[in-house]
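Spelled out from the first residue to the last, the chains are:
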Amino acid sequence: MLLDFEKPITELEAKLDAMKKLAQESESDIAAAVKTLENKIHKLKEETFKNLTRWQRVQLSRHPDRPYTLDYIYEITDDFIELHGDRNMGDDKAMVGGLGIINKKSYMIIGQQKGRNTKQRQMRNFGMANPEGYRKALRLMKTAEKFDIPIITLIDTPGAFPGLEAEERGQGEAIARNLKEMFQLKVPVVCAIIGEGASGGALGIAIGDKVLMMENTWYSVISPESCSSILWRSWDYKEQAAEALKLTAKDMLSLKLIDGVIKEPLGGAHNDTKAAADFLKKAILKEIKALQKLTPEERISQRIDKFCDMGVVSE
Amino acid sequence: MAWFKRQVKGIQTPTSDKKEVPDGIWYKTPSGKIIRTVELKNNAYVSPEDGYHVRIGSREYFEILFDKNEFTELDANMESGDPLQFKDQKSYPSRVKASQEKSGLKDAVRTAYGKLDSHEVAIACMDFGFIGGSMGSVVGEKIARGIEHSIQNNKPFIMISKSGGARMMEAGLSLMQMAKTSAKLSILAKKKIPYISVLTDPTTGGVTASYAMLGDFNIAEPNALIGFAGPRVIRETIGKDLPKGFQSSEFLLEHGFVDFIVDRREMKSQISLLLRMLK
């Protein structure tokens, strides 16, 4: 799939390919022309991606080729065992987790999982977890705490599932409990928004000592579409809503609601999963290393203080 | 014609004299029962004939719960900022101002401490009349400080929720208020100080997904709407009509998310009894 603002770039890339092919066939020397075009493409990419609007970032965060939680997990771990179930109701396929080894050390990695094709999307419920998903996440976090293993959460969800059974089984209670319990976890917790960070469904696994966002992701209290439908009473104002919500990584950092932005490869994570995973891995491990120098009590009190400082009031 | 003309401009009534609930002489409940408002007030705003619980605000709850309506309010002057310069069809500050003028309140929650049946307690109570009882920075901060007051003074904390959820106009900041209040509640729990969460009509969204569901005791007024997602959103998701009584207090009791349902007329005595049992 191509987004509007990606089109001029792919057009030039196609031209470049054609030029190279032609050069091979005719054996003429066009190295200089190729070089010029390559530079032009690079410049255009830089320009385009530097000046993306907030809505365009939202589009990138949902790009169907974007790496999902399990893609990153398999990319960054040397070994991984997926763990299932909340020991209560079932196994939520929209929330995955397990133990992984990175550079000979163990980590508990948890995150929402989206599907790549129609069948998978259905199975993963579009990355919208039910209460048992949040309870499974908490169970895995408690297991990690028991064995003194740091926790990594990867957030990518359009929201907690708003279904009938979800309400019956206490969607609100499940998220609320996670928030409260995550504040008291004794092990380091680092969270990264890798795609969509929609509201309580995202926050439910995003109480971390450090919360990071990848460059082309969004995190807010509501999606731009729903915000438009409520405040403008129409679905057509999603661009304006995205602007008003200030939901990009850069915005959230300047509001001091997150701790850092993770760079993505030029052209977005969907263009180079390996490079994106590498940036993600480095950023997370760096944070965990620093956090391990603190005592559990220091981590907990700093985690609490950090979130308690969020908000702007006048007195 | 002087009596047609407002001689002094603007609204002169002090906030304390403003009324939010039934100010006519008569009140009609949804089932059609009619009652004099004076009687309604003396009956904790519950219609005696059909038990209908009229939606009330912090002013009324404080009067019902605090002994002799005596209490000390915390952070009474805290107001909202406009960190995002949020603007939809209206600017956020103008929405806040309009709501302040209409309701006589500063924001959607008030916090206070005093005595409830001689028990020293801190109470936070939300006002639905203020932008749908939505939770922004002020609501989160006042509740967090209310809990902090409980922690510092070892007093039980009582939260009366009545909210449509997080306040969209503060976007990410609103979302983090869920985290902030839950953070403070995790300390309260560690100190083994009781937390009673009272859920009233309506309690939905981010409020349900944070402090409202975290009580040592979750108690609900009868027939209140309580849920995470709103009924309209769920209906659209599943493409079917919702069963009768879905997301009511009784539904939550049935599914194990509230401890008991309390008639507002017995709320004070029930809370008092609970606190006595914990001493």
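Remember, predicted model here, so these are calculated numbers, not experimental data.

### With respect to the interface of chain A and chain B
Part 1: In this assembly, 47 residues from chain A lie in contact with 57 residues from chain B.
Part 2: Across the interface of chain A and chain B, roughly 4,400 Å² is buried in total on both sides, 74% from carbon and sulfur atoms.
Part 3: When the buried area of chain A at its contact with chain B is split by residue, A:E167, A:K180 and A:L231 rank highest and sum to 15% of it.
Part 4: Close ionic contact of B:R145 with A:E315 constitutes a salt bridge, the shortest N to O distance being 2.9 Å.
Part 5: Across the chain A-chain B interface, the total number found is 12 residue pairs in polar contact (both at pLDDT 80 or more).
Part 6: Listing elements by their share of the side of chain A that touches chain B, those giving two or more residues are helix 7 (164–168), helix 8 (171–183), helix 9 (199–203), strand 7 (218–220), helix 10 (224–231), helix 11 (238–245), helix 14 (296–308) and strand 9 (313–314) of chain A.
Part 7: Split into classes, the residues belonging to the side of chain A that touches chain B amount to 28 nonpolar, 10 polar and 9 charged.
Part 8: Here 2 bridges tie strand 9 of chain A to strand 4 (residues 79–80) of chain B, and the two strands are oriented antiparallel to one another. Looking across to strand 4 of chain B, one finds that A:S314 is bridged to B:E79.

### What about the domain arrangement of chain A?
Interfaces are frequently sized by the accessible area removed from exposure as the parts join.
All names here are of chain A.
Part 1: With domains assigned, chain A is organised as domain 1 (4–51) and domain 2 (57–308).
Part 2: Placing a centre on the C-alpha atoms of domain 1 and another on those of domain 2 gives a separation of 36 Å.
Part 3: Each partner contributes to the roughly 630 Å² buried at the junction of domain 1 and domain 2, and carbon and sulfur atoms together form 62% of this total.
Part 4: Taken together, the connections running from domain 1 to domain 2 amount to 0 salt bridges.
Part 5: Scanning the region where domain 1 abuts domain 2 turns up 2 residue pairs in polar contact (both at pLDDT 80 or more).
Part 6: Classifying every residue of the side of domain 1 that touches domain 2 by side-chain character gives 2 nonpolar, 1 polar and 4 charged.

### Structural notes on the confidence of the model for chain B
Part 1: Chain-level pLDDT for chain B is 93 on average; 96% of the residues reach the 70-or-more range.
Part 2: If you check the scores for this complex, the pTM reads 0.93 and the ipTM reads 0.95.

### As for the sheet that holds strand 5 (residues 109–116) of chain B
Residue and element names in this part refer to chain B.
Part 1: Across the sheet, 7 strands lie side by side as 3-5-6-7-8-9-10; this open sheet has mixed pairing. Edge positions in the sheet fall to strand 3 (71–74) and strand 10 (260–261), since each has one partner strand and no second.
Part 2: Relative to strand 10, strand 9 (residues 217–220) is paired through 2 bridges, and the arrangement is parallel. The partner of A220 across the bridge, within strand 10, is I261.

### What about the nonpolar core?
Part 1: Ranked by internal contacts, the top residues of the largest apolar core, which has 107 residues, are A:Y219 and B:Y211.
Part 2: Those residues in contact with B:Y211, other than ones at most four positions away along the chain, are B:M126, B:M135, B:V139, B:I143, B:M159, B:S161, B:T181, B:L185, B:Y195 and B:S197.
Part 3: Of all hydrophobic cores here, the second largest spans 28 residues; its members include B:Y61, B:F66, B:I123 and B:L274.

### Details of the pattern of salt bridges
Part 1: A complete count under the given rule lists 37 salt bridges over all chains for this structure.
Part 2: Between A:E47 and A:K50 there is a salt bridge, with the nearest N and O atoms lying 3.6 Å from each other. With A:E47 and A:K50 both in helix 2 (residues 31–50) and 3 residues apart, the pair spans about one turn of that helix.
Part 3: Under the relative-accessibility criterion, A:K50 is labelled exposed at 60%.
Part 4: The partner of B:K268 in a salt bridge is B:D67, and the shortest N-O contact between them spans 2.7 Å. On the criterion of sequence distance, the pair formed by B:K268 in helix 8 (residues 264–278) and B:D67 in the loop between helix 2 (58–65) and strand 3 is long-range, its members being 201 residues apart.
Part 5: By relative accessible area, B:K268 is classed as buried at 19%.

The rules behind each value
- Residues numbered from 1 in each chain as written.
- Chains lettered and ligands numbered in written order.
- Predicted model: local features only at pLDDT ≥ 70, side-chain atom pairs only at ≥ 80, totals over all residues.
- Heavy atoms only, no water.
- Contact = heavy atoms within 4.5 Å.
- Buried area = accessible area lost by both parts, 1.4 Å probe.
- Salt bridge = Lys/Arg side-chain N within 4 Å of Asp/Glu carboxyl O.
- Polar contact = N/O pair within 3.5 Å; in protein donor to acceptor, adjacent residues only side chain to side chain.
- Helix = DSSP H or I, 4+ residues; strand = E, 2+ residues; numbered from the N terminus.
- Nonpolar A, V, L, I, M, F, W, Y, C, P; charged D, E, K, R; others polar.
- Pairing = 2+ DSSP bridges.
- Domains from an automatic or database assignment.
- pLDDT = per-residue confidence, 0-100.
- Core = buried A, V, L, I, M, F, W, Y, C linked by side-chain atoms within 4.5 Å.
- Buried < 20%, exposed > 50% of the residue type's maximum accessible area, 1.4 Å probe, protein only.

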